[in-house]
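What follows is each chain in one-letter form.
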Amino acid sequence: MLHPSAKESAPPQESQQSPTPSVISIPSSPALLRTRGSIASLSRLSGSSNLTPYRPPALTPTKHRIIHLWSETWGKTTALSLNNQELKRQETMYELWHGECDLIEDISMLQRNYHDSLLRLGLITESEAEQIFGGIRSLLPIHSELRDELTKAKGPDGSIESLGNILLKWVPKLEIYVIHCANQIRAKSVLDEKRSSDARVEDFLTRCLESPFSRRLDVWSYLDVPRSRLVKYPLLIKQILKFTPENHVDHKVLEQVLRILTNILDRVDKSTGLGRCKHVIGQIDLSDEMCSVLRRATTLICDGPLKTSQGLKLQCFLFDSGLVLTRALSNNRLSLYKTPFEVGQFKVVDLGTKVGRNNSFLPGSSGSGLGTKHVFKVETSSESATLVTFNEHNKKQWMLGLHRIVEEWQSSHIHNKETSDIDSPRKAPKIKASLNIRGANRRNLLPRGKLQVVSAPHLPSQPAGGQAMPSQPVRFLRSKGSICLNQTLSPETHRICTRSCTSLRNSAQS
């Protein structure tokens with residue numbers, strides 16, 4: 001195990017005395033001591049009785065990524081001839097290109113060192129690998145395409161003249177993140193469950209964390225790198241647009257790219273919120289049909305442990321559709337504690353602080369003696385729940401979340417009511433004439449006594465006395481934002497499209 005020369009120089013009679021010697025003479029040559037693994041090999045050869053227990057290796061230097069600027073690498077000579085605005089533009093585009101290279105390196109390392117190794121060692125199955133790492137493989141060709149296109153667009157000095165059309169063609173491909181980010185909630189759950197149930201997986205991931213290639217980052221940090229990169233794209237594009245002159249060919253194109261990217265990010269946020277809601281609802285055991293609160297939930301506002309006034313421990317979830325109170329079961333499942341409080345049907349009451357027994361199960365509590373309870377109450381016409389938080393800050397977070405969903409529901413409810421009032425013919429308000437006209441046109445108006453206000457689009461053809469009125473021009477007065485009507489419109493159109501439009505016609509006396 002040491003060196004061929006050391007093996008030949010060993011006396012033969014010593015090797016014949018005992019096949020497993022308990023003591024081995026260490027050569028005095030420094031070169032032999034410097035060989036890799038020499039000390040570890042000596043300890044292994046010294047017999048089972050002298051083996052020391054396993055100790056984690058000493059910390060090794062981690063791999064740090066050195067951030068280089070474009071002016072320090074590619075544009076050392078070109079940067080001197082550029083103005084400050086163009087220099088910042090080139091730096092931002094170089095940051096975009098360099099970030100793509102780092103992202104591709106992280107995804108490749110994750111695929112090679114984690115995904116392939118876990119499968120080769122038999123620590124996870126194919127289905128589990130697909131649930132945890134499945135979406136990563138589909139992202140690699142998309143980001144490799146952007147890196148290659150930006151590399152082709154570079155000039156001899158490393159500068160990029162135009163990238164608007166490249167981004168315009170590439171950004172729509174980020175639609176794949178709508179599904180990928182929604183599946184990340186499930187991937188995190190499967191990974192945590194595997195780590196807690198299998199000690200071999202936890203040991204493997206711990207050894208990877210201590211290795212230099214991981215840069216002291218956990219496996220989930222690498223699984224979440226693409227999502228973090230997606231959020232950074234709008235900031236980079238806005239920065240490039242800021243330093244791009246208005247007469248440049250990329251200016252209008254980048255504005256269009258930014259609008260497309262913002263739309264994609266909105267869809268990603270909605271899908272992520274919906275995926276998180278589905279994951280939480282999937283942990284709740286429902287005996288009957290799913291209630292409307294859980295069925296209409298699209299966003300999880302906040303969640304965490306709370307306690308009732310009787311000391312019962314609860315796991316609470318605040319959705320955009322209402323508040324759900326659950327209890328933890330022995331099989332890591334949840335059961336409903338009460339009927340969920342639907343938004344629009346409950347009110348929140350702040351009960352202040354009270355002195356009582358400490359909430360030992362909550363973070364930040366000492367576990368015994370008297371302490372301060374931060375209490376609030378949620379009640380409907382039929383039932384109520386008094387909930388205790390572990391500090392004032394946590395109470396404010398829950399109160400703000402509850403008031404937020406109530407205000408959003410009220411604003412949407414009022415908006416829907418106004419829309420229905422406009423669309424409903426039965427709720428159309430009475431039309432009143434407005435003669436508040438200023439300027440030169442005021443002189444051309446007839447006196448008030450010679451005008452007739454008509455509230456329907458069909459004007460009367462005869463006066464009250466029965467005489468036929470001569471044909472006179474019809475004047476329409478409208479306020480800002482309304483629509484002028486004429487006699488050709490139907491009564492339904494008149495009632496639907498306007499509230500303040502009035503038709504004025506000369507009376508028979510004129």
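Residues numbered from 1 in each chain as written. Predicted model: local features only at pLDDT ≥ 70, side-chain atom pairs only at ≥ 80, totals over all residues. Heavy atoms only, no water.

### Thoughts on the overall build of the protein chain
In terms of regular secondary structure, the protein chain is built from 15 helices and 12 strands. Burial statistics for the protein chain: of 510 residues in total, 35% are counted as buried. Intrachain contacts of the protein chain at a sequence separation of at least 6 include 64% that bridge at least 24 residues. Carbon and sulfur atoms provide 53% of the accessible area of the protein chain, an area that totals close to 31200 Å². (Helix = DSSP H or I, 4+ residues; strand = E, 2+ residues; numbered from the N terminus. Buried < 20%, exposed > 50% of the residue type's maximum accessible area, 1.4 Å probe, protein only. Contact = heavy atoms within 4.5 Å. Areas by Shrake-Rupley, 256 points an atom, 1.4 Å probe, with all protein chains shown as cover.)

### Here's the deal with the side chain of Thr 389
Inspection of the secondary structure puts Thr 389 in strand S9 (residues 384–389). Among the polar contacts made by the side chain of Thr 389, one reaches the main-chain carbonyl oxygen of Asn 391 at a distance of 3.2 Å. (Polar contact = N/O pair within 3.5 Å; in protein donor to acceptor, adjacent residues only side chain to side chain.)

### Looking at the side chain of His 143
With respect to the helices and strands, the residue His 143 is situated in helix H6 (residues 126–153). Dropping the residues within four chain positions of it, His 143 is found in contact with Glu 100, Leu 103, Ile 104, Trp 170, Tyr 177 and Tyr 233.

### Brief notes about the confidence of the model for the protein chain
The predicted model of the protein chain has a mean per-residue pLDDT of 75, with 64% of residues at 70 or higher. Here helix H3 (residues 30–33) stands out as the element of the protein chain with the lowest mean pLDDT, 39, in contrast to helix H7 (residues 164–170), whose mean of 95 is the highest. Confidence drops under a pLDDT of 50 for residues 468–487, and excluding neighbours within four residues, the segment shows 52 contacts in the predicted structure. Across residues 489–510, where pLDDT falls below 50, the model places 72 contacts with residues more than four positions away in sequence or in other chains. (pLDDT = per-residue confidence, 0-100.)

### Points about the packing of helix H8 (residues 176–197) against helix H9 (residues 199–210)
With their axes 5 Å apart at the nearest point, H8 and H9 run at an angle of 105 degrees to one another. Taken together, the axis directions place H8 and H9 in an arrangement best described as roughly perpendicular. Of H9, the residues touching H8 (which contributes Leu 191, Lys 194, Arg 195 and Ser 197) are Ala 199, Val 201, Glu 202 and Leu 205. Here the contact of H8 with H9 is built from residues that sort into four nonpolar, one polar and three charged. (Axes fitted to C-alpha atoms, helices over the stretch in contact; angles between N-to-C directions. Parallel < 35°, antiparallel > 145°, perpendicular 65-115°, else oblique. Nonpolar A, V, L, I, M, F, W, Y, C, P; charged D, E, K, R; others polar.)

### Re the pattern of salt bridges
Under the definition given, this model contains 23 salt bridges. Between Glu 95 and Lys 232 there is a salt bridge, and its shortest N-O distance comes to 3.6 Å. Taken together, the residues Glu 95 in helix H5 (residues 84–120) and Lys 232 in helix H11 (residues 225–242) connect sequence positions 137 residues apart. Among the residues examined, Glu 95 registers a relative accessible area of 36% and is labelled partly exposed. A salt bridge links Arg 195 to Glu 202, with the nearest nitrogen and oxygen atoms 2.9 Å apart. The exposure class of Glu 202 is partly exposed, given its relative accessible area of 28%. Via salt bridges that share partners, Glu 86, Arg 89 and Asp 250 belong to a single interconnected network. (Salt bridge = Lys/Arg side-chain N within 4 Å of Asp/Glu carboxyl O.)

### So, the nonpolar core
Soluble, globular proteins show a tendency: their nonpolar side chains are buried together. One finds Tyr 114, Phe 133, Leu 163, Leu 167 and Leu 223 to be the most contacted residues of the largest nonpolar core, which totals 56 residues. Broken down by secondary-structure element, the contributors of at least two residues to this core are H5, H6, H7, H8, H9, helix H10 (219–223), H11 and helix H12 (250–282). Core analysis: the next-biggest nonpolar cluster, separate from the first, contains 20 residues, Leu 314, Trp 398, Ile 405 and Val 406 among them. (Core = buried A, V, L, I, M, F, W, Y, C linked by side-chain atoms within 4.5 Å.)

### A word on the environment of Phe 204
Here Phe 204 shows up in helix H9. Phe 204 sits in the buried class, given a relative accessible area of 13%. Note: C-alpha distance between Phe 204 and Tyr 114 (90 residues apart in sequence) is 9.2 Å. In this structure, Phe 204 is in contact with Asn 113, Tyr 114, Ser 117, Leu 118, Leu 121 and Leu 123, ignoring residues within four places of it in sequence.

### Some thoughts on unusual backbone geometry
Of note in the backbone geometry, Arg 216 takes a positive phi value of approximately 60 degrees without being a glycine. Its location among the elements puts Arg 216 in the loop between H9 and H10. One non-glycine residue, Asn 332, lies in positive phi territory at about 60 degrees.

### Some points on H9
Taking 1.5 Å per residue, 12 residues should reach 16 Å; H9 reaches 17 Å between its end C-alpha atoms and fits that length. Close packing links the buried residues of H9 with H5, H8 and H10. In this structure Asp 198 caps H9, since a side-chain oxygen of it lies 3.0 Å from the backbone nitrogen of Arg 200. (Expected span 1.5 Å × (residues − 1).)

### Brief notes about the pairing of strand S2 (residues 300–308)
Where S2 lies against strand S3 (residues 313–319), seven bridges are found, and the strand directions are antiparallel. The partner of Pro 305 across the bridge, within S3, is Gln 315. Linking S2 to S3, which pair antiparallel, is a turn of four residues; within it Gly 311 sits at a positive phi near 95 degrees. Bridging between S2 and S9 involves two bridges; their strand directions are antiparallel. (Pairing = 2+ DSSP bridges.)

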